[in-house]
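# Notes for the structure review
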Amino acid sequence: MSGSQGVTALWENTTEVFLDVSKLLITYADNILRNPDEDKYRSIRIGNPTFSTKLLPVKGAVECLFEMGFEEAETHLVFPKSASVERLRQVRETIATERDQRLGTSQAASNPQSARVPPNPNPNPAPPPLPSSSSAGPVSAAAAPASAPAAAPAAIPYTSSSVTFFRTVQSNFQHVLIYESPELQQKALICIPHELLRSRAKERLKQANDADPACSLGEEDMLVLELLQWFKGDFFTWVDSLPCSRCGGTTKPSGALPPSNDDLRWDAGRVENHFCQACQLSTRFPRYNNPEKLLETRRGRCGEWANCFTLLCRALGLEARYIWDSTDHVWTEVYSQSQHRWLHCDPCENACDKPLLYEIGWGKKLSYILAFSKDQVVDVTWRYSCKHPEVLSRRTQVQETWLLHTINNLNTTRQQSLDEERKKQLLQRLLVELVEFISPKTPASGELGGRVSGSLGWRAARGETGTSDSKGNAQECVFIPSESEKQNKLFHICYNMPKDCYFRLSNGQETIPGWQRGAWKTENMFRKEEHDWQMVYLARTEGSPFGRISWKLNCAPVGMKIKSASVRASSQTFHSGSVRWSLRSSETTIEFPGDGELHSSSSLSGGKELIVEAELTGGEGDVSWQHAQLFRQSLKDTEKVLFEMLVEMEES
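Looking now at the overall build of the protein. Scanning the protein from N- to C-terminus turns up 18 helices and 29 strands. For the protein, buried positions account for 49% of its 652 residues. Relative to all contacts within the protein whose residues are 6 or more apart in sequence, the contacts with residues 24 or more apart total 69%.

This next bit is on the packing of aromatic side chains. Taken as a whole and assessed by the stated rule, the structure comprises 29 aromatic pairs. A connected cluster of aromatic rings, assembled from ring pairs, spans W230, F231, F235, F236, W238, W305 and F309. Taking the ring centre of F173 as reference, the NZ or CZ of R414 above it sits at 3.7 Å. If you follow R429 out to its NZ or CZ, it ends over the ring of Y335, 3.7 Å from the centre.

Take the confidence of the model for the protein next. Overall, the prediction assigns the protein a mean pLDDT of 83, with 85% of residues at 70 or greater. Here helix α6 (residues 140-143) is the element of the protein with the lowest mean pLDDT, 36, and strand β13 (residues 369-372) is the one with the highest, 98. Of the regions scoring below 50 in pLDDT, residues 108-158 engages in 117 contacts with residues more than four places distant in sequence or in other chains. Confidence drops under pLDDT 50 across residues 454-474; counting only partners more than four residues distant or on other chains, this segment forms 44 contacts.

Before going further, it helps to spend a moment on helix α2 (residues 15-34). Here α2 is 20 residues long and its end C-alpha atoms lie 27 Å apart, about the 28 Å a rise of 1.5 Å per residue gives. The set of residues buried in α2 consists of F18, L19, V21, S22, L24, L25, I26, Y28, A29, D30 and I32.

So, about the environment of L19. Tracing the backbone shows L19 in helix α2. Expressed as a C-alpha distance, the spacing of L19 and A96, which sit 77 residues apart in the sequence, is 9.8 Å. When near neighbours in sequence (up to four residues on either side) are disregarded, L19 contacts R99, R102 and L103.

It is worth spelling out the sheet that holds strand β14 (residues 377-379) at this point. Spatially, β12-β11-β10-β9-β13-β14 is the arrangement adopted by the six strands of the open sheet, whose pairing is antiparallel. Across the chains shown, the open sheet's two edge strands, defined by having one partner strand only, are β12 (351-352) and β14. Pairing of strand β10 (residues 329-336) with strand β11 (residues 341-346), which is carried by five bridges, proceeds in the antiparallel orientation. Directly across from E333, in β11, lies its bridge partner H344. Across the sheet, helix α13 (residues 302-315) touches β9 (320-325), β10 and β11, and the angle it forms with β10 is around 20 degrees.

Time to look at the pairing of strand β25 (residues 589-592). Direction of pairing for strand β24 (residues 578-584) relative to β25: antiparallel, over a ladder of four bridges. Pairing of R584 across the sheet is with T589, part of β25. Counting the residues in the hairpin turn of β24 and β25 gives four residues.

On to the packing of α2 against helix α4 (residues 61-68). Put simply, α2 and α4 touch, their axes get as near as 11 Å, and they point 20 degrees apart. It follows from the interaxial angle that α2 and α4 lie roughly parallel. Along this stretch, α2 crosses α4, giving a crossing that reads as right-handed. On α4, the residues that touch V21, L25, Y28 and A29 of α2 are A61, C64, L65 and M68. The class makeup of the residues in the contact of α2 with α4 is eight nonpolar, no polar and no charged.

Our focus in this paragraph is the side chain of E433. With respect to the secondary-structure elements, E433 resides in helix α16 (residues 420-438). Setting aside chain neighbours within four positions, we find E433 in contact with R321, W342, V378, V380 and R383.

Close contact between helix α9 (residues 194-211) and helix α10 (residues 219-235) brings their axes to 8 Å; oriented N to C, the two are set at 120 degrees. In terms of orientation, α9 lies oblique with respect to α10. Of the two possible hands of crossing, α9 and α10 adopt the one that is right-handed. Contacts between α9 and α10 involve L197, R198, R200, A201, K202, R204, L205 and A208 from the former and E219, M222, L223, L225, E226, L227, Q229 and W230 from the latter. Residues of the contact of α9 with α10, tallied by class, amount to nine nonpolar, one polar and six charged.

For the rest of this paragraph, the subject is the sheet that holds strand β7 (residues 281-286). Read across the open sheet, the three strands follow the order β5-β6-β7; overall the sheet is antiparallel. Single-partner strands in this sheet number two, and they are β5 (252-257) and β7. Ignoring strand direction, the axes of neighbouring strands in this sheet form an average angle of 35 degrees.

Moving on, we come to the pattern of salt bridges. Here the structure, examined in full by the defined rule, presents 42 salt bridges. R314 is paired through a salt bridge with E180; the nearest N and O atoms lie 2.8 Å apart. Of this pair, R314 sits in helix α13 while E180 sits in the loop between α7 (160-175) and α8 (182-191), and the two are 134 residues apart along the sequence. Relative accessible area serves as the criterion here: at 23%, E180 is assigned to the partly exposed category.

What counts, and at which threshold
Throughout, residues of each chain are indexed from 1 in the direction in which the sequence is written. Totals for whole chains, interfaces and linings use every residue, but because this is a predicted model, local features are given only for residues with pLDDT of at least 70 and side-chain atom pairs only at 80 or more, for both listing and counting. Hydrogens are left out, water is left out, and the side-chain values use all remaining heavy atoms of the structure. The way it works is that DSSP assigns letters per residue, a run of H or I at least four long becomes a helix, a run of E at least two long becomes a strand, and they are numbered from the N terminus. Buried means the residue's accessible area, taken with a 1.4 Å probe over protein chains only, is under 20% of the maximum for its type, while exposed means over 50%, and partly exposed covers the values in between. Contact between two residues is taken to exist if any of their heavy atoms lie within 4.5 Å; hydrogens are not considered. Two rings from Phe, Tyr or Trp (for Trp, the six-membered ring) form a pair when their centres are within 6.5 Å of each other. A pair whose planes differ by under 30 degrees is stacked, one over 60 is edge-to-face, and the rest are tilted. Whether a charge lies above a ring is judged from NZ of Lys or CZ of Arg, which has to be within 6 Å of the ring centre and within 35 degrees of the ring normal. pLDDT is a per-residue confidence score from the predictor, ranging from 0 to 100. By this rule, a helix spans an expected 1.5 Å times one less than how many residues it contains. For two strands to be treated as a pair, DSSP must find no fewer than two bridges joining them. For helices, the fitted axis covers only the stretch in contact; all axes are lines through C-alpha atoms, and the angles between them, taken along N-to-C directions, range from 0 to 180 degrees. An angle below 35 degrees is read as roughly parallel, one above 145 as roughly antiparallel, one from 65 to 115 as roughly perpendicular, and any other as oblique. Here is the rule for handedness: rotate from the far helix to the near one, and if that takes an anticlockwise turn smaller than a right angle the crossing is left-handed, while a clockwise turn gives right-handed. When residues are sorted by character, Ala, Val, Leu, Ile, Met, Phe, Trp, Tyr, Cys and Pro go into the nonpolar class, Asp, Glu, Lys and Arg into the charged class, and all the rest, Gly among them, into the polar class. Take a side-chain nitrogen of Lys or Arg and a carboxyl oxygen of Asp or Glu: if they are within 4 Å of each other, that pair is a salt bridge.

Shown next as structure tokens:
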């Protein structure tokens, strides 16, 4: 068990703390080993006072449970039936052996010659001690020098969200080491027409120098541009749905399939089922996470693109790091030696040095963006935002001080084997980044466009079609009666959730695809498809305290006013979740229940504008966002309408 990071971290505690928590860990393991068929011993409630006060705050303790085979559920840690009992036994015996030795040492403490030398630290880090408060500003999570040891803050109860967050950070930090394999880099280099790309880079640099004699860019900068263009244009392919492996026809994603041993060998724990209705055949799409396999398949979505592209950068000798965005996107950064800064590079978009593309162009509500290289983790969120206060308000998954110490400790451990010159270089680069982060950027024209990778439907479903104005606000849809609607004095529109489409029935069955395109204002909202349950609904984005969506009709431009209004809306709540529906004009506001019934009102008569709004709040725990839902419906129930606006008009 020398490679067990949890056990190694546990050893670093004082003998008193170790003896106390190791007894608890051994008890958990023994309960399962002695009672393998008793479900009650396979579940540990995180809120249990003994667990939360004696185990959660102790460094390495939670990680030991994960190494035993426990997995995180919403409110419990669970040892699944499929977990390896032998692995559990191994971790248990390692802890027990260390405990026996420490007990012997403590009994012989009066004899200095009997003191035991602690084991060498493991090169893989364990979570840092937890902080007691969070009051850090926008750059706090990167502010401490990476090579400086972190002070041990006071412990606070460990939360399931911080455990999940740490495991993601640790997994990414470990994964990027695969790019450093000389054998893998050589395989990657064979795939790259590097001589051609370098020749083109030299020509591109010559043109830049001819256009601007003061140009200070280097050949490597141009090589990055050439690599991006070749990667997207010639090497890698985007996958929305695979063609049927039998007839070559169109397939549709239809849930997941179990991974094969070969899938797992290439780190594809998730396999999508792309189903052909014509052939009734499933085509498997393993989501490979091993870049060596991606050199062969050359296809995927942003995860595969960034994974493979980062490897190719390293194969060409470029300093590159993998960028993880918690709002579901990944890309690469490459260090420019000539400009002394990191360049944003998105291979999916063939975009370089356009960091505000996501927040301004795509309309993303950013929160955490971390950069992972072989030597360092850096919180680079602030490079990708010009709305720092908004971003900071959304960073609620972990405490800022916790994040600072986590990054600090990971970097300190990873950099132990580096020479002083390299440590100094990393520190200098970090300081340059911190200065950059202080002042929010102004978006350039190239950062205002929407996403180009993926199908229109896929981009629209993710809210990344670029429906934004120059200020980065989502475009607001205001319905104005058409000539036929004016003549008929009727406006009638409904939204079909499974089809994700509006039908403007009063205007010749006009269709408007995408829930956002028919909404007036949206805030912290997204469309969720549950493929396991075959259900779909609108909900607020994870981590947001509230969500809002509204629809607007304006009759004034065509000389009409409202005679009466009827609205049908459906919402569901769970636990303490809440949805508040309102119907208003400039003079009147009426609340109504989202019970799926048609609610009519003549009290809005005479108004020229009508706004329907839903506000989602409440809920419990990490899944509180799921406890307030709009238009929840089966994906198979494509005819039922759960949202409808019917307005009778008259001349003003």
